[in-house]
Amino acid sequence: MSQLYAFGRALALLRDTWKWTFRGSLRRQSKVFARQLYEVGNRSLLFITVTLGVLGTISVFQVLLQVERILPEFSVVGPAFIQTMIREFAPTIAGLIIATRVGSGIAAEIGSMVVTEQVDALRLCNANPVDYLVAPRFWACVIQNVLLTVYGGLVGICAGACVAHYAWQISWGSFFSLSLVGFPDVISGLLKATAYGMAIPIAAAQAGLETTGGSEGVGAATTRAVVNASFAVVVLDFLLSGFSFLFLFGNP
Amino acid sequence: MIRFEHVSKAFGSHQVLDDVSLVVERGEILFIIGTSGAGKSVLVKHLVGLLRPDAGRIFLDDVDVTSLSEREFYPIRKRCAMVFQHSTLFDSMTLAQNVALPLRKHKGLRAQAAEVEAVRRLDQVGMAAEAARFPSDIGDGLRKRVAIARALTLDPEYVIFDEPTTGLDPMAAANVDQLIRALSDDFGVTSIVVSHDLRSIFKVADRVAMLYQGKVLLDGPPSAFRATTDPVVRQFIEGRPEGPMQFPRKA
């Protein structure tokens, strides 16, 4: 039951974030928003590059090992890998990375402000914490999660292509064929990236705003943020994949 | 005038306030004392809507503020400022921006005008030269001064000081005491001071209320506090670790 209440509070926080956005939060908090864009985006680049690059390398390597035993030719590997990367790997892996790296940071920052009474001080100054703290982080996460997903997908695909070309002598043209990729695949991937980009900061900010106690409480809030944000990514992946198969891809 | 009427508050199974009633007259300086965890800060936070009571009612000039919404509390917070225990300056803002924030949000001043006024306010606490610095660049005592400047920037009628002299050197603490007294004497500001500092109590307070086990154990002038024979209050005044006083468990 408490999980349901927590979900309800998360939805209320999402509603308030939109409300403050329409009231000009990003204009008022433009400096915070710019800093958050940098924090979420630029500072995640190395993590995304390494993780998606290694994932692309290993995935293509393993697939080609298996395909080599069954099929005589590899022409379908590249297009299928690119399709899977766009539909699934890029948004979900990038989402999980942002959930851990950025989600923990948001929860720790807001949680520290709660336990040091800075959030109370904001309220006394007639400044709403959602306006000041949540909305800029929310939109920075949404924008950068989409951009990092596109970037991470490209890195993964290029890394996979290098393995295919140099280890199995598959031509660049054959690997980079977009014969299996359609507009619905791109829409599905971007839909997931946007949804994760919304869910992660809300889960993290909620954990931060509900921090109790001292530094121990901040630690617990950080853990809760990472767990909830990662859980949100996985559940949304399941739901949006189902939606995509039913309404975007037609018969799989 | 501030009235707390039969206020109770619990966190989980821990009853922090139990049927607390207290009146603060206009222009008065009330010191609320008690051991750590006695519920002093919890009580005063109810006045500005940072906490909501489980039972009881709170009045500010006969206006019942107990169940006001967050938005309805804005005008109350304009009249009733609070200096927090740990200063609580915003790390990402300069000292001037910290002091300017209430001016911008409550009075709707533009950023530049608010910062000019903020520097003037900082000058009153001897901090104008540091206006462009960040809270992390200065020590606790100076941060406290800036927090006081921020709280007074809207010329409030009521000010809550949560342990204002904790962590300050004796000179800085004496300055804060002087300031609290001057606010009352010169401007008629009503102050509620949460404190452990016996020196400040005897120097500044008009009245003292001691919270113990969620209830008001003593409520009277400093002379009555000093003369009391209540063994718990005596133990507190004399700072003896042994005695009848039971220390509250952690909430």
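Look up: the structure comes first, before these words.
Below is a summary of the structure that appears in this document. Everything numeric in this text was worked out from a predicted model, so none of it was measured. (Residues numbered from 1 in each chain as written. Chains lettered and ligands numbered in written order. Predicted model: local features only at pLDDT ≥ 70, side-chain atom pairs only at ≥ 80, totals over all residues. Heavy atoms only, no water.)

Turning next to the interface of chain B and chain A. Every contact between the two is made by 22 residues of chain B and, on the other side, 17 residues of chain A. Regarding the contact of chain B and chain A, the summed buried area is about 1,900 Å², with carbon and sulfur atoms giving 52% of it. At the boundary of chain B and chain A, one finds four salt bridges. In this structure, the salt-bridge partner of glutamate 117 of chain A is lysine 45 of chain B, at a minimum N-O distance of 2.6 Å. Linking chain B to chain A there are seven residue pairs in polar contact (both at pLDDT 80 or more). Listed by contribution, the elements that provide at least two residues to the side of chain B that touches chain A are helix 2 (74-79) and helix 3 (95-107) of chain B. Here the side of chain B that touches chain A takes four residues from helix 3 of chain B, the largest share from any one element. Among the residues making up the side of chain B that touches chain A, the classes are represented as ten nonpolar, five polar and seven charged. (Contact = heavy atoms within 4.5 Å. Buried area = accessible area lost by both parts, 1.4 Å probe. Salt bridge = Lys/Arg side-chain N within 4 Å of Asp/Glu carboxyl O. Polar contact = N/O pair within 3.5 Å; in protein donor to acceptor, adjacent residues only side chain to side chain. Helix = DSSP H or I, 4+ residues; strand = E, 2+ residues; numbered from the N terminus. Nonpolar A, V, L, I, M, F, W, Y, C, P; charged D, E, K, R; others polar.)

What follows deals with the pairing of strand 8 (residues 190-194) of chain B. Residues and elements named next belong to chain B. With respect to burial, strand 8 is a largely interior element, five of its five residues being buried. Of the two faces of strand 8, the one carrying Thr190, Ile192 and Val194 and the one carrying Ser191 and Val193 are both buried. Looking at chain direction, strand 3 (residues 29-33) and strand 8 are connected through four bridges and run parallel. Looking at strand 8, one finds that leucine 30 is bridged to isoleucine 192. The pairing of strand 7 (residues 158-162) with strand 8 spans five bridges and is classified as parallel. Along strand 8, the bridge assignment pairs valine 159 with serine 191. Handedness of the strand 7-helix 6 (residues 170-187)-strand 8 crossover: right-handed. (Buried < 20%, exposed > 50% of the residue type's maximum accessible area, 1.4 Å probe, protein only. Pairing = 2+ DSSP bridges. Right-handed = clockwise from strand over helix to strand, strands pointing away.)

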